[in-house]
Amino acid sequence: MTPAVPITIAGSPLAVPRHVCAFFNSADEEYRVLLPFIKEGFDRGDKAVHVLNPDQRADHLGRLSAAGVDVAAAQANEQLEIRNNVETYLREGRFDPDRMLEAFEALASGRAAHGFPLSRILCRMDWAVDSGSHVEQLVEFESRVNEVWCRHDDAVICTYHLSKFGADTVIDILRTHPLVIIGGVLQHNPFFIPPEQFLPELRQRRARRPAVI
């Protein structure tokens, strides 16, 4: 395999596979960590796909502009793609993990055809709790999607605001990402469990639950 092009985030090189869960306490902390990574991508000509909360777009674009990104030009040449996370993950109000796996595979495979060396994908994950209870499906998806990112050098940062998610969910999210940002620091995640081990455990956990009458 060709060596991966170096990428830096939170002051450290980002190893392959580049599937990261990033935990934040506030939007200001989130952007303080992510904006240098975002700006580096624009400067290098990488594709930027930002999947945001429905009410986040204006603030997000304002922060990009303040960081020196020419937002209008980036959108015009399709380097910057802004997506709504509810519409992306919950098409027709339903979360379909298989459809999302195909969508991310197409996104990773398609950017080269448009002349972009890499994709840098940011996904704000509030939709899983804001739009109903999709947390368990999300955890399974986060584990399965590692199989996609193992085949590509693209960087995928899944951002979680800690005030939104319970402790049990945070632990499961940790177990589905090989890399983690916490306290503004990128680390190899010692809690990560490969999908071939984690998914059978998750299914056994579901099977042990008492039936709902």
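Look a little higher up for the structure.
Since the structure is predicted, the reported quantities are computational estimates derived from the model, not experimental observations. (Residues numbered from 1 in each chain as written. Predicted model: local features only at pLDDT ≥ 70, side-chain atom pairs only at ≥ 80, totals over all residues. Heavy atoms only, no water.)

(A) Fine view of the packing of aromatic side chains. Under the criterion given, the structure shown has 10 aromatic pairs. Measuring from ring centre to ring centre gives 5.1 Å for Phe95 and Trp127, while their planes differ by 45 degrees; the resulting arrangement is tilted. Residue Phe95 is located in the loop between α4 (85-89) and α5 (97-110), and its partner Trp127 is located in helix α6 (residues 127-130); the two are separated by 32 residues in the primary sequence. For Trp127, a relative accessible area of 1% gives the class buried. (Phe/Tyr/Trp six-rings, centres within 6.5 Å; stacked < 30°, edge-to-face > 60°. Helix = DSSP H or I, 4+ residues; strand = E, 2+ residues; numbered from the N terminus. Buried < 20%, exposed > 50% of the residue type's maximum accessible area, 1.4 Å probe, protein only.)

(B) Seen up close, the sheet that holds strand β6 (residues 119-124). Sheet architecture is open: seven strands sit in the order β5-β4-β6-β7-β3-β8-β9, paired in mixed fashion. Taken across any chain shown, the strands that pair with only one partner, and hence form the sheet edges, are β5 (80-84) and β9 (185-188). The average angle at which neighbouring strand axes cross in this sheet is 20 degrees, direction not considered. Sheet topology note: the strand β3 (residues 18-24)/strand β8 (residues 179-182) ladder contains three bridges and is parallel. The residue bridging Val20 from the neighbouring strand is Leu179, located in β8. Seen against the sheet, helix α9 (residues 167-174) touches β3, β7 (155-161) and β8 and runs at an angle of roughly 155 degrees to β3. (Pairing = 2+ DSSP bridges. Axes fitted to C-alpha atoms, helices over the stretch in contact; angles between N-to-C directions. Contact = heavy atoms within 4.5 Å.)

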